[in-house]
Amino acid sequence: DGDGGAAAMDDGDDAGGDGGGARQHNLSGAKLCAIGLWAEHGVHVLSLPDFAEVAVGELGGDVQPRSSLLATMQGRHFLLVALGDGTLFTFLLEAGGDGGVALSQRKKLTLGTQAVQLRAFEREGERHVFAASDRPTVIYAQHGKLMYSNVNVRDVAHVAPFHSMAFPDSLCLATTD
């Protein structure tokens, strides 16, 4: 989609109290966004509404971020960044000792060979992430760790939650065909 991979997380009310100056980031009420920059090949976590930089994740390489997502799964906060070559980076977001946000536990894995589009959805009250690509994958947390489950459909371009009486808690998948 060419946006450089932007994502936002709003876990509740503003954690800063007065709305200006120094801001507390305990993440239980943080308003954050993640922006993937094409020129720097990294991802920046910013606080909202002031867009102050609170953390930077290095991606390296020469492939641009195409999709990013901030998601809370099983009480843990994750940043997922997908690149144009099918690579996925994951980070754990934690409250930093200086009142900021720290990115830790950086992991890199290959989900496919084409750009990945990340989309969060709920299933039975739990948050999951669908990674749409040439090799689609469902990402979920189990025992505090991210798990990956392949989907038996190829070349998924987009995904959207779908709920009806006949098909409760479903996903609608659009392929490239």
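Here, the structure is the one placed above.
Definitions and limits used
Residues numbered from 1 in each chain as written. Predicted model: local features only at pLDDT ≥ 70, side-chain atom pairs only at ≥ 80, totals over all residues. Heavy atoms only, no water. Helix = DSSP H or I, 4+ residues; strand = E, 2+ residues; numbered from the N terminus. Buried < 20%, exposed > 50% of the residue type's maximum accessible area, 1.4 Å probe, protein only. Pairing = 2+ DSSP bridges. Axes fitted to C-alpha atoms, helices over the stretch in contact; angles between N-to-C directions. Salt bridge = Lys/Arg side-chain N within 4 Å of Asp/Glu carboxyl O. Core = buried A, V, L, I, M, F, W, Y, C linked by side-chain atoms within 4.5 Å. Contact = heavy atoms within 4.5 Å. 1 Å grid on protein atoms, 1.4 Å probe; cavity = no way out; pocket = protein on both sides within 12 Å on 5 of 7 lines; lining within 4 Å. Points joined across faces, edges and corners; volume = space filled by probe spheres on them.

Novice: Please clarify how the environment of Asn 152 should be interpreted in this entry.
Specialist: Examined against the element boundaries, Asn 152 turns out to sit in the loop between β12 (145–150) and β13 (156–162). Exposure remark for Asn 152: the relative accessible area of 81% places this residue in the exposed category. The spacing of Asn 152 and Pro 136 is 16 residues in sequence and 7.9 Å in space, taken between C-alpha atoms.

Novice: For this particular structure, what's the right way to read the sheet that holds strand β8 (residues 101–110)?
Specialist: Neighbouring strands of a sheet are bound in pairs by backbone hydrogen bonds; such pairs are parallel or else antiparallel. Taken in spatial order, the four strands of this open sheet run β5-β6-β7-β8, and their pairing is antiparallel. Two strands lie at the open edges of the sheet, namely β5 (65–73) and β8, each paired on one side alone. If you compare each strand with its neighbour and ignore which way they point, the axes differ by 20° on average.

Novice: Hey, could you run me through the pattern of salt bridges in this one?
Specialist: All chains considered together, the criterion is met by one salt bridge. Note that Glu 122 is salt-bridged to Arg 127, the shortest N-O span being 3.1 Å. Judged by relative accessible area, Arg 127 falls into the partly exposed class, the value being 31%.

Novice: Is there a simple way to explain unusual backbone geometry in this structure?
Specialist: Cis geometry marks the peptide bond from Leu 48 to Pro 49, where omega comes out at 10°. Phi is positive for Gln 74, close to 50°, though the residue is something other than glycine. Note that Gln 74 resides in the loop between β5 and β6 (76–83). One non-glycine residue, Gln 105, adopts positive backbone phi at about 50°. Summarising the element assignment, Gln 105 is placed in strand β8.

Novice: Looking at this model, I keep getting lost on the sheet that holds β12. Mind explaining?
Specialist: With antiparallel pairing, the four strands of this open sheet are ordered in space as β9-β10-β11-β12. The two strands at the open ends of the sheet, each matched to only one other strand, are β9 (117–123) and β12. Within this sheet the neighbouring strands show an average axis-to-axis angle of 30°, counted without direction. Of the strand pairs in this sheet, strand β11 (residues 137–142) and β12 are connected by six bridges, and their pairing is antiparallel. From the neighbouring strand, Val 138 faces β12, where its bridge partner is Ser 149.

Novice: What should I look at first to understand the nonpolar core in this one?
Specialist: A general trend in soluble globular proteins is that nonpolar side chains are found buried together. Among the nonpolar cores identified, the biggest contains 16 residues, and Met 73, Leu 88, Leu 118, Val 129 and Ile 139 are the most heavily contacted of them. Mapped onto this core, the elements with two or more residues apiece are β5, β6, β7 (87–95), β10 (126–132) and β11. For Leu 118, the contacting residues outside a window of four places in its chain are Ser 67, Ser 68, Leu 69, Leu 80, Val 81, Ala 82, Leu 88, Val 129, Phe 130 and Ala 131. Core analysis: the second largest hydrophobic core is formed by 15 residues, Leu 32, Ala 34, Val 43 and Leu 83 among them.

Novice: I would appreciate a short explanation of the environment of Val 45 in the present structure.
Specialist: The residue Val 45 is located in strand β3 (residues 42–47) in this model. Sequence separation between Val 45 and Leu 103 is 58 residues; the distance between their C-alpha atoms is 9.1 Å.

Novice: So what exactly am I meant to see when it comes to the layout of surface pockets here?
Specialist: It is a probe the size of a water molecule, rolled over the atoms, that shows where empty space is left. Of the voids in this model, the largest pocket is the one considered here, and its volume is about 230 Å³. A total of three residues in the lining of the largest pocket trace back to one element, the largest contributor, which is β13.

Novice: It is not clear to me how the pairing of β10 should be interpreted in this structure. Could you clarify?
Specialist: When a strand is regular, its side chains alternate between the sheet's two faces. Counting buried positions along β10 gives five out of seven residues, so the element sits mostly inside the fold. Sheet analysis places β9 next to β10, joined by seven bridges and oriented antiparallel. Within β10, the position partnered with Arg 123 by the bridge is Glu 126. Of the strand pairs in this sheet, β10 and β11 are connected by three bridges, and their pairing is antiparallel. Paired with Phe 130 across the bridge in β11 is Val 138.

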